[in-house]
Each structure stands twice: as structure tokens, then as C-alpha cells.
Amino acid sequence: NEAGQVVGKSKDATGVERGFIWEKGGAMKSLGTASNAAYAINECGIVVGTTNAAATGGIHAFRWQDDELTDLGT
């Protein structure tokens, strides 16, 4: 986005994929849960992506805002 924030997914040291946000001049920050991927960020810093966890019943969309991940369902 225009603020220089970037989102995506990467693997941690154990090989688990996690969504992340990176801010210009800062460090990469995990979006929390395992097996998720961040796909987009808007100018307000709201991130959207998907998570795939057996506990939630498969692939769900999520919104991440202010360090809080909200499950948007299937």
C-alpha cells in the first residue's frame, strides 16, 4: 500500500507457512495462526487472506486489523 506495508506468506523455522505483514523500516510480523496466507492490504492497513486449519473445518477467509484476526467463514 502507499504506507509501504507489504503482506504475504513465508515459512517459519519449522517449515509451517504463516501470513505476515512487513512495514517499511520495520521487521516482518506474523499474523498469528499457522497455515495462513495474506493476499492483500488496503490503505487503512486491513489485511485479507485465507487460513486452512482442521479445527475450523477447512479453508476460511480472514480479516486482520489492529493485531486481531477475524474468521470470515468459508
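Anything mentioned here points back to the structure above.
Quick caveat: nothing in here was measured; it's all calculated off a predicted structure.

### Side note on the pairing of strand E2 (residues 17-22)
Then, number 1: In the sheet, strand E1 (residues 6-11) pairs with E2 via six bridges, with the strands oriented antiparallel. The partner of Ser10 across the bridge, within E2, is Arg18.
Then, number 2: Connecting the antiparallel pair E1 and E2 is a turn made up of five residues, with Gly15 showing a positive phi of about 90°.
Then, number 3: One ladder, built from four bridges, connects E2 with strand E3 (residues 28-34); its direction is antiparallel. The residue of E3 that forms the bridge with Arg18 is Ala34.

### What about the pattern of salt bridges?
Opposite charge on two side chains permits them to pair, given that their charged atoms come into close proximity.
Then, number 1: Scanning the entire structure with this criterion turns up three salt bridges.
Then, number 2: Measuring nitrogen to oxygen at the nearest pair gives 3.4 Å for the salt bridge that ties Lys9 to Glu17.
Then, number 3: Judged by its relative accessible area of 31%, Glu17 falls in the partly exposed class.
Then, number 4: Residue Arg18 is joined to Asp12 by a salt bridge in which the shortest nitrogen-to-oxygen separation is 3.0 Å.
Then, number 5: A residue is classified by how much of its surface remains accessible, and Arg18, at 24% relative accessible area, is partly exposed.

### A few points about the nonpolar core
Then, number 1: Residues Val7, Ile21, Leu31, Ala38, Ile41, Val47, Phe62 and Trp64 constitute the largest nonpolar core, which totals eight residues.
Then, number 2: Of all elements in the fold, only strand E4 (36-41) and strand E6 (58-65) reach the threshold of two or more residues within this core.
Then, number 3: Look past the residues within four positions of Val47 in its chain and what remains in contact with it is Val7, Ile21, Leu31, Ala38, Ala40, Ile41, Phe62, Arg63 and Trp64.

### Description of the environment of Ala13
Then, number 1: Structurally, Ala13 can be placed in the loop between E1 and E2.
Then, number 2: A C-alpha to C-alpha distance of 22 Å links Ala13 and Asp67, two positions 54 residues apart in sequence.

Thresholds, definitions, all that
- Residues numbered from 1 in each chain as written.
- Predicted model: local features only at pLDDT ≥ 70, side-chain atom pairs only at ≥ 80, totals over all residues.
- Heavy atoms only, no water.
- Pairing = 2+ DSSP bridges.
- Helix = DSSP H or I, 4+ residues; strand = E, 2+ residues; numbered from the N terminus.
- Salt bridge = Lys/Arg side-chain N within 4 Å of Asp/Glu carboxyl O.
- Buried < 20%, exposed > 50% of the residue type's maximum accessible area, 1.4 Å probe, protein only.
- Core = buried A, V, L, I, M, F, W, Y, C linked by side-chain atoms within 4.5 Å.
- Contact = heavy atoms within 4.5 Å.

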